[in-house]
Amino acid sequence: MKRVFALLALVGAVAFGAPAWAEEKVAAPAASAVVAGSTAPATAVVALVEAGAPGEAAAAPAPVPNKGDTAWIMVCAALVILMSIPGLALFYGGLVRTKNMLSVLMQVFTIFSLITVLWVVYGYSAAFTEGSAFFGTLDKLFLKGITPESVGATFSKGVVIPELAFVIFQGAFAAITCGLIVGAFAERAKFSAILVFMVIWFTLSYIPMAHMVWYWAGPDAYTDAAAAEAAGATAGFLFQKGALDFAGGTVVHINAAIAGLVGAYMVGKRTGLGNVAMAPHSLTFTMIGASLLWFGWFGFNAGSALEASGGAALAMVNTWVATAAAALSWLFAEWMIKGKPSMLGAASGAVAGLVAITPAAGFVGVMGGIVIGLLAGVVCLWGVNGLKKLLGADDSLDVFGIHGVGGILGAILTGVFVDPALGGTGVYDYVANSVGEFNMGAQVISQLWGVGTVVVWSGVVSIVAFKLVDIVIGLRVPEEEEREGLDLTSHGETAYHH
Amino acid sequence: MKFVTAIIKPFKLDEVREALSAIGVQGVTVTEVKGFGRQKGHTELYRGAEYVVDFLPKVKVEAAVKADQIDQVIEAIEKSASTGKIGDGKIFVFDLEQVIRIRTGETGTDAL
């Protein structure tokens, strides 16, 4: 246990003792609207408007959050939390053997709690304040300066939401992302090792990816071409590259999937793989979990519009339809290839569809969403069969096959189906205040930048973090404990008495 | 006295119980068991992983009966548990030395 604390202290030193992030902060005239923490309502937004266009600014009244938007984002935050606990926990729990059920539930539950605390301590600040293109700053450590009156930007000019609602909404994303990873090395990893890994990975991979993709100064900064350029320079690295990620295909799914794949390689295969039956112990729980994921995902995707708007409704319909299409395409493909349509196939297909539509939800038309869903079902079926064999890692619950493959597919197809000619919304130009001209080739390249960056970044961070944890506390439980089951040996209890 | 152990298909349990009651068997003990015989197992498929399940679920019915009743008991089980398809199970018959009713201390056929 001492070693665990030593490592935690080390991580703390890296996370907190990094004034370099703060120093990198560009002294831009435009304060960030997303991060507008202030004691007076929305002063930062006003300051920003003044900086951009001194002539008109004086007359602009400070925007006040709309109660509908506020209510929507808070409900969505709770829905995203429902995805982690119990949704994801049950989805994963049903897929392991009886003797490891509680270990999976515990890992997801504990990671959710751990990341929640870290998020308000330093995560939110490091992800959503203006810093470099890769990290924010520690200016809002412990949510310093954020009051019930603080507001953050949305995607519409002059529309704001309470910053605290944004804090919990984004915090729920961070928590589920870390929870997703455990499926890849379920049934053999050491509990303490998982927790320490999560602290490191959350700090050095989740936070920077969220900053790179989502941090920007907010639409109000984009008053004219010059102001837009200045504001654009303060945005995250991938935001500047023009990569579209509506609700976190790169930040959440590819990011977690790469960490999971690296983990599956580094933790090693389960003892007895190939000789011992490792069939799921309760597909009933898996179906309940998948359904809760689907339900919660409405908050995840439609909430990412940050407003209770038509855009949110589009994201919601896509999340509904693409998922159904993916469940159908997976189970029909399975029916044709393997002879029987399975419940696990339908549930897996639905999750694959949810993953793939995530980056696209608010950008593509409903027909585009159906195509993304149909493709996600069959491509991810390959991900858990052919590709899994090629990779050779024991990714126990197919985190990479579904979240990685589905995430990459969705990220790329977002660049295709956002095209207004294919029913998409196009890319909004906040200077012209209209949808800009669309270039599919350029957009797909931007999307590939997003995919490439997250694969490399998460890959490197994961390798270093797993190696470090392996040296200090060891990644897996002894073989005897693995055979007996983690419920009893790691947690001292059993899921079922029968 | 004879002791009968029958391995049957699980869904045949109710019919077997009724048939035994009808010929006056006073009590049976039932256990859910797994095993294999001539009936082959099946394959289960979970995403990319395939598992051959060799042991199939069966129900084991045990009853202690009077020696002169045994032919009737065998016939009742045979008839009620049969589907004519492979995997219908087997009946084993043993000689039974002694039976004691714990509550009263009765022994032998009185305890059946």
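Residues numbered from 1 in each chain as written. Chains lettered and ligands numbered in written order. Predicted model: local features only at pLDDT ≥ 70, side-chain atom pairs only at ≥ 80, totals over all residues.

(A) Molecular detail of the overall build of chain B. For chain B, the helix and strand inventory stands at two helices and six strands. Scanning chain B from its N terminus toward the C terminus, one meets helices and strands in the order β-α-β-β-β-β-α-β. Computed over the C-alpha atoms, the radius of gyration of chain B is 17 Å, more than 25% above the 13 Å expected from 2.2 N^0.38 for a compact globule of 112 residues. Taken over the C-alpha atoms alone, chain B extends approximately 60 × 30 × 20 Å along its principal axes. The buried share of chain B, reckoned over its 112 residues, is 17%. Taking contacts inside chain B between residues at least 6 apart in sequence as the whole, the part at least 24 apart equals 70%. (Helix = DSSP H or I, 4+ residues; strand = E, 2+ residues; numbered from the N terminus. Rg over C-alpha atoms; globule rule 2.2 N^0.38 Å. Buried ≥ 20, exposed ≤ 12 C-beta atoms within 10 Å, placed from the backbone. Contact = placed C-beta atoms within 7 Å.)

(B) Highlighting the overall build of chain A. Along its length, chain A carries 20 helices and four strands. Excluding contacts between residues fewer than 6 apart, the proportion of contacts in chain A whose partners are at least 24 apart in sequence is 77%.

(C) Fine view of helix α9 (residues 225–232) of chain A. Residue and element names in this part refer to chain A. Taken as a whole, α9 has its buried residues at Ala227, Ala228 and Ala231. Along α9, the residues classed as buried sweep out an arc of 100° about the axis, all on the same side. Opposite the buried face of α9, at more than 90 degrees from it, the exposed residues are Ala225, Ala226 and Glu229. (Arc of directions from axis to C-beta.)

(D) Spotlight on the interface of chain A and chain B. Contact residues are listed per partner, giving twelve residues for chain A and seven residues for chain B. A breakdown of the residues in the side of chain A that touches chain B according to their chemical character gives six nonpolar, three polar and three charged. (Nonpolar A, V, L, I, M, F, W, Y, C, P; charged D, E, K, R; others polar.)

(E) Local environment of the pairing of strand β3 (residues 42–46) of chain B. All names here are of chain B. As paired elements, β3 and strand β4 (residues 49–53) share five bridges and run antiparallel to each other. In the sheet register, Leu45 faces β4, and the bridge partner there is Glu50. Between β3 and β4, which pair antiparallel in sequence order, lie two residues; one of them, Arg47, sits at a positive phi of approximately 50°. (Pairing = 2+ DSSP bridges.)

(F) The confidence of the model for chain A, seen in detail. Summary statistics for chain A give a mean pLDDT of 90 and a share of 88% for residues scoring 70 or more. In this model, residues 14–57 of chain A is a region of pLDDT below 50 whose contacts with residues beyond four sequence positions or in other chains number 103 contacts. (pLDDT = per-residue confidence, 0-100.)

(G) Seen up close, helix α15 (residues 366–384) of chain A. In a regular helix each residue adds 1.5 Å, so 19 residues correspond to 27 Å; α15(A) covers 27 Å between its end C-alpha atoms and thus fits that length. With 14 of 19 residues buried, α15(A) is to be regarded as a mostly interior element. (Expected span 1.5 Å × (residues − 1).)

(H) Quick peek at the sheet that holds strand β1 (residues 2–8) of chain B. All names here are of chain B. With respect to topology, four strands assemble into an open sheet ordered β2-β5-β1-β6, the strand pairing being antiparallel. Each edge of the sheet is formed by a strand with only one pairing partner; in this case those strands are β2 (29–35) and β6 (89–95). Here the strands of the sheet are splayed against their neighbours by 20° on average, with no regard to which way each runs. Of the strand pairs in this sheet, β1 and β6 are connected by seven bridges, and their pairing is antiparallel. For Thr5, the partnering residue across the bridge sits in β6 and is Phe92. Along the sheet, helix α1 (residues 13–22) contacts β1, β2 and β5 (56–65); its crossing angle with β5, the most-contacted strand, is approximately 10°. Sitting on the sheet, helix α2 (residues 70–81) is in contact with β1, β5 and β6, with an inclination near 5° to β1. (Axes fitted to C-alpha atoms, helices over the stretch in contact; angles between N-to-C directions.)

(I) Spotlight on the packing of helix α12 (residues 283–302) of chain A against helix α13 (residues 310–338) of chain A. Residue and element names in this part refer to chain A. Closest axis-to-axis distance for the α12/α13 pair is 8 Å, and the angle between their directions is 145°. Regarding α12 and α13, the two cross each other, and that crossing is right-handed. In contact with Trp294, Trp297, Phe298, Asn301 and Ala302 of α12, α13 contributes Ala312, Ala315, Met316, Thr319 and Thr323. Within the contact of α12 with α13, the residues separate by chemical class into seven nonpolar, three polar and no charged. (Left-handed = near helix turned anticlockwise from the far one by under 90°.)

(J) Fine view of the packing of α13(A) against helix α14 (residues 343–357) of chain A. All names here are of chain A. The contact between α13 and α14 brings their axes to 7 Å, and the two run at 140°. Taken together, the axes of α13 and α14 are oblique relative to one another. In this structure, α13 crosses over α14, and the sense of that crossing is right-handed. Within the contact between the two elements, α13 uses Asn318, Thr319, Ala322, Thr323, Ala325, Ala326, Ala327, Ser329, Trp330, Leu331 and Glu334 and α14 uses Gly345, Ala346, Ser348, Gly349, Ala350, Ala352, Gly353, Leu354, Ala356 and Ile357. In the contact of α13 with α14, the residues fall into twelve nonpolar, eight polar and one charged. (Parallel < 35°, antiparallel > 145°, perpendicular 65-115°, else oblique.)

(K) Quick look at the environment of B:Thr109. All names here are of chain B. Considering the arrangement of structural elements, one finds Thr109 in the segment after β6. Looking at Thr109, the number of C-beta atoms within 10 Å reads 13, which means it is partly exposed. The contacts of Thr109, once residues within four sequence positions are left out, are Met1 and Lys66.

(L) Structural view of unusual backbone geometry. Residues and elements named next belong to chain A. For the bond running from Ile85 to Pro86, omega is 5°, close enough to zero to count as cis. Topologically, Pro86 is positioned in helix α5 (residues 67–95). Even without being a glycine, Phe142 presents a positive backbone phi close to 55°. As for its position among the elements, Phe142 is in the loop between α6 (101–127) and β1 (151–153). The exposure class of Phe142 is exposed, given the 12 C-beta atoms found within 10 Å. In this model, Leu306 sits at a positive phi of 65°, which is unusual for a non-glycine residue. Here Leu306 shows up in the loop between α12 and α13. A count of 25 C-beta atoms within 10 Å places Leu306 in the buried class.

(M) Up close: the confidence of the model for chain B. On average, residues of chain B score 94 in pLDDT, and 100% of them are at 70 or above. At the level of chain-chain contacts, confidence expressed as ipTM amounts to 0.76, with global pTM at 0.86.

(N) Spatial organisation of the environment of A:Pro63. Residue and element names in this part refer to chain A. Mapped onto the fold, Pro63 is located in the loop between α4 (54–57) and α5. The exposure class assigned to Pro63 is buried, which follows from the 23 C-beta atoms found within 10 Å. Placed 202 residues apart in sequence, Pro63 and Tyr265 show a C-alpha to C-alpha distance of 50 Å.

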